[in-house]
Amino acid sequence: MNRVFVFFTLITFFAMTDFLQAQTKFVMSGLSHGHSHWIFQKSFQGDFELVGVHEDNKELIASFIKNYQLDESLFFASMEEMLDKTDADGVLAFGPVSQHLNVVKAAAVRGIHVMVEKPLSFRASEAKEIQTLAEQHNIHVLTNYETSWYPSTDALSFKLRSEEEAFGTIRKAVFHHGHRGPQEIGVGKEFFDWLTDPKQNGAGALVDFGCYGANIMTFLVNGQEPLSVTAVTQTNKPDIYKQVDDEASIILTYPGAQAIIQASWNWPFDRKDMQVYTENGYLLTMDKESLYSRVGQEKEETVQFLSKEMTGTETNPFQYFAEVIQGEIQVPPYGLYSLENNILVARILEAAIESAESGKTVYFEK
């Protein structure tokens, strides 16, 4: 009896050892983005391990050590040292958008995969360089958007495609994304400083929240390029947002369709919702778990209250990244996280910035 117990104990031990060895190892480059806290929180744990962090701001490091009871040995003096000493599988880039290319440059030559917090870039040339590096070194480069984890986003796209004959093609999509403003909701100083710096963030609300609509629309139209981009921006609170816009409207035209992206730091409350109108109906997501739809001769709309179990949505971006690295998930072409999608998003954002500055519509070259 004792021998049997020891045998199964050893089997369990070696199985657990294999499991631990198989865990994906992540490192984090930058802590200044407000979403950098997620990976330290219990609700975002998974089959991965954070083995290193690089951040230049010593006060910020101290606050993370205190708030999450972290060991100082987790922190490295430079990104290169961290990448060389940790044997990481993936890098999480949670600093300014302008630093994403540098992170990919350092990671790609070492064969390390990258996930950046949205958007990938606000410059088309940088996005293209990131794509070249990813292809040369055979790495994944994903872009994380909170709306990618919404069951309602999944359900809308699935219903639109599975019932395509009933709904018909998209005619208009309207996206509302944003909140009362970075200062108004109390983001940290280190985040506020680069979020309101056009050199580091590209623009204000236009980039911060305009990227969501561009990302989702690109997914819904399977990577089709817009014909044109027109953007109008305002700064309604110049005493707070001295260098960037806090209000942006972006219109994308496609053959037979429009997308209207309303990005704002002036909403009276947080918003991440969308409306998609087709030839024969509509689909509306009012929040991350509800979908309203009406099609054809229906006199009333249908309301679905969703969960991740119903839609199969991965609500943990770090677990999603780990499973992509391990080959358990194949990122679909022009999927929300995909490089192809987010290269086009960068082109749209760059065109929107140009349009807002010039007061003219920017046309995509054919």
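This report concerns the structure included in the present document. (Residues numbered from 1 in each chain as written. Predicted model: local features only at pLDDT ≥ 70, side-chain atom pairs only at ≥ 80, totals over all residues. Heavy atoms only, no water.)

## Quick word on the sheet that holds strand E2 (residues 48-54)
Our working definition: Between any two strands, pairing holds if DSSP finds at least two bridges. Elements are defined by DSSP. Helices are runs of H or I of four residues or more, strands are runs of E of two residues or more, and each kind is numbered from the N terminus.
In space, the six strands of this open sheet follow the order E3-E2-E1-E4-E5-E6, with parallel pairing throughout. In this open sheet, the two strands that pair with only one neighbour each are strand E3 (75-76) and strand E6 (141-144). The sheet contact formed by strand E5 (residues 113-117) and E6 spans four bridges and is parallel. Bridge assignment links Glu 117 to a residue of E6, and that residue is Asn 144.

## Points about the pairing of strand E11 (residues 271-278)
By the bridge criterion, eight bridges tie strand E7 (residues 170-178) to E11 in an arrangement that is antiparallel. Within the sheet, the bridge partner assigned to His 176 lies in E11 and is Asp 273. Where E11 meets strand E12 (residues 281-287), four bridges bridge the pair, whose relative direction is antiparallel. Among the inter-strand pairings, Gln 275 is bridged to a residue of E12, identified as Leu 284.

## Quick notes on the layout of surface pockets
Rolled over the atoms, a probe as big as a water molecule pinpoints where empty space is left. As a reminder of what qualifies: Points on a 1 Å grid, built from protein atoms alone, make a cavity when a 1.4 Å probe fits but cannot get out and make a pocket when they are open with protein on both sides within 12 Å along at least 5 of 7 lines; residues with an atom within 4 Å of a point are the lining residues. Grid points are joined across faces, edges and corners, and a volume is the space filled by probe spheres set on the points.
The calculated volume of the largest pocket comes to roughly 430 Å³. Along the walls of the largest pocket sit 27 residues, with His 35, His 179, Ile 185, Val 187 and Phe 191 positioned nearest its centre. Going through the elements one at a time, helix H2 (58-68), helix H8 (182-185) and helix H9 (189-195) are the ones with two or more residues in the lining of the largest pocket. At three residues, H9 tops the list of elements feeding residues into the lining of the largest pocket.

## Examining the sheet that holds strand E8 (residues 228-234)
What counts here: The contact criterion used throughout is that any non-hydrogen atoms of two residues lie within 4.5 Å. Orientation is described by axes fitted as lines to C-alpha atoms, over the contacting stretch for helices, and by angles from 0 to 180 degrees between their N-to-C directions.
Across the sheet, nine strands lie side by side as E14-E13-E12-E11-E7-E10-E9-E8-E15; this open sheet has mixed pairing. Pairing within the sheet leaves two strands with one partner each, and these edge strands are strand E14 (302-305) and strand E15 (362-363). Relative to E15, E8 runs antiparallel, the two sharing two bridges. Note on E15: the bridge partner recorded for Ser 228 is Tyr 363. Of the strands in this sheet, E8, strand E9 (247-254) and E15 touch helix H15 (residues 339-358), which is tilted by about 55 degrees from E8.

## Looking at the nonpolar core
Cut-off, in case you're wondering: Take the buried Ala, Val, Leu, Ile, Met, Phe, Trp, Tyr and Cys residues and link them wherever side-chain atoms come within 4.5 Å; each set so joined is a nonpolar core. Only protein chains enter the accessibility calculation, which uses a 1.4 Å probe. A residue is then buried if its area is under 20% of the maximum for its type, exposed if over 50%, and partly exposed in between.
If you look at the biggest cluster of nonpolar residues, it comprises 57 residues, and the most contacted ones within it are Phe 175, Leu 206, Met 217, Leu 220, Ile 250 and Leu 252. If you look at the next biggest cluster of nonpolar residues, it comprises 29 residues, including Met 28, Phe 44, Leu 60 and Ala 322.

## Description of the pairing of E5
Of all five residues in E5, five are buried, a share of seventy percent or more. On E5, burial covers both faces: His 113, Met 115 and Glu 117 on one face and Val 114 and Val 116 on the other are all buried. Pairing geometry for strand E4 (residues 90-93) and E5, over four bridges, is parallel. Considered in E5, the bridge of Leu 92 is made with Met 115.

## Remarks on empty space enclosed by the protein
Counted by the stated rule, this structure contains two cavities of 30 Å³ or more. In this structure, the largest cavity encloses a volume near 50 Å³. Residue lining of the largest cavity: Thr 147, Tyr 150, Ser 152, Thr 153, His 177, Ile 216, Lys 272, Asp 273, Met 274 and Thr 285, and that is the complete set. For the lining of the largest cavity, the elements supplying multiple residues, two or more each, are helix H6 (151-162) and E11. Looking at the lining of the largest cavity element by element, the count peaks at three residues for E11.

## Comments concerning the environment of Gly 95
Structurally, the position occupied by Gly 95 is in the loop between E4 and helix H4 (100-108). When its relative accessible area of 7% is taken as the criterion, Gly 95 is described as buried. Residues within four places of Gly 95 in sequence aside, it is in contact with Ser 29, Gly 30, Ser 32, His 100 and Trp 194.

## A few points about the packing of H4 against helix H5 (residues 124-137)
The cut-off we apply is this: Working definition: roughly parallel below 35 degrees, roughly antiparallel above 145 degrees, roughly perpendicular at 65 to 115 degrees, and oblique for all remaining angles. Three classes are used, and their members are as follows: Ala, Val, Leu, Ile, Met, Phe, Trp, Tyr, Cys and Pro are nonpolar, Asp, Glu, Lys and Arg are charged, and the others, Gly among them, are polar.
Where H4 contacts H5, the axes come no closer than 10 Å and their chain directions differ by 10 degrees. With respect to their mutual orientation, H4 and H5 come out roughly parallel. Contact residues: H4 offers Leu 101, Val 104, Lys 105 and Ala 108, while H5 offers Glu 126, Glu 129, Ile 130, Leu 133 and His 137. Considered class by class, the residues forming the contact of H4 with H5 number five nonpolar, one polar and three charged.

## Brief notes about the environment of Glu 49
Looking at where Glu 49 falls in the secondary structure, it is placed in strand E2. For Glu 49, a relative accessible area of 38% gives the class partly exposed. Excluding its chain neighbours within four sequence positions, the residues that come into contact with Glu 49 are Gln 23, Thr 24, Lys 25 and Phe 26.

## Some details on H2
Applicable threshold: Taken from the helix axis, the directions to the C-beta atoms give the arc we talk about. Polar contact is the term for a pair of N or O atoms within 3.5 Å; when the atoms are in protein, one must be able to donate a hydrogen and the other to accept it, and sequence-neighboring residues count only if both atoms are side-chain atoms.
Buried within H2 we find Leu 60, Ile 61 and Phe 64. The buried residues of H2 occupy an angular sector of 105 degrees when projected down its axis, which confines them to one face. Facing away from the buried surface of H2 by more than 90 degrees, the exposed residues are Lys 58, Glu 59 and Lys 66. Elements in contact with the buried residues of H2: E3 and H9. N-cap assignment for H2: the residue whose side-chain oxygen lies 3.0 Å from the backbone N of Glu 59 is Asn 57. Of the residues flanking the end of H2, it is Gln 69, one or two places downstream, whose phi is positive at about 50 degrees.

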